[in-house]
Amino acid sequence: MLVEPPYEEDETTYILKSETNKKHLIKALKNVEKGNLVFVNLDEYEIIVFEPHTYKIEED
């Protein structure tokens, strides 16, 4: 039986395989160099995304 060792690939190499992702990454790096940053308050994001939601199920 042939067993290949696990192949580990870093995130950058993975992203660069896709032309679309590569363009997005390069654009993002240019924005960082220019100081065009978007700050996100992760605490607020966590409340919005992970807050329990109640859904009303309508029966026919």
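Up top is the structure these notes are about.
For every chain, the first residue of the written sequence is number 1, and numbering continues from 1 onward in sequence order. Given that this is a predicted model, residues contribute local features only at a pLDDT of at least 70 and side-chain atom pairs are listed and counted only at 80 or more, while totals for whole chains, interfaces and linings are drawn from all residues. Values reported for side chains reflect all heavy atoms of the structure, with hydrogen atoms and water molecules removed beforehand.

Asks: Explanation requested: the overall build of the protein in the structure shown.
Replies: Across its full length, the protein carries three helices and zero strands. For the protein, the N- to C-terminal ordering of α and β elements is α-α-α. Relative accessibility decides the category of a residue: with a 1.4 Å probe and only protein chains considered, values under 20% of the type maximum give buried, values over 50% give exposed, and everything between is partly exposed. Every one of the 60 residues in the protein was classed for burial, and the buried ones make up 0%. For the protein, the exposed surface amounts to about 6,800 Å²; the carbon and sulfur share of it is 56%. Put simply, DSSP marks the helices as runs of H or I at least four residues long and the strands as runs of E at least two long, and each gets a number from the N terminus on. Surface accessibility in these figures is a Shrake-Rupley result with a 1.4 Å probe; residues are shielded only by whichever protein chains are displayed.

Asks: I would appreciate a short explanation of helix H2 (residues 19-34) in the present structure.
Replies: Given a helix with a known number of residues, its expected span is that number minus one, times 1.5 Å. With 16 residues, H2 should cover 22 Å at 1.5 Å per step; its first-to-last C-alpha distance of 23 Å lies within 8% of that length. Within two residues after H2, Gly35 carries a phi angle of roughly 85°, on the positive side.

Asks: Any chance you could explain a nonpolar patch on the surface here in plain terms?
Replies: Surface patches are defined over residues having more than 30% relative accessible area and no salt bridge, joining like charges when they lie within 9 Å and nonpolar side chains (Val, Leu, Ile, Met, Phe, Trp, Tyr) when within 5 Å. We define a salt bridge as a contact between a side-chain nitrogen of Lys or Arg and a carboxyl oxygen of Asp or Glu at a distance within 4 Å. On the surface, Val32, Leu37 and Phe39 cluster together into a nonpolar patch covering about 350 Å² of accessible area. For Leu37, the position within the fold is in the loop between H2 and helix H3 (42-50). Residue Leu37 is classed as partly exposed on the basis of its relative accessible area, which comes to 45%.

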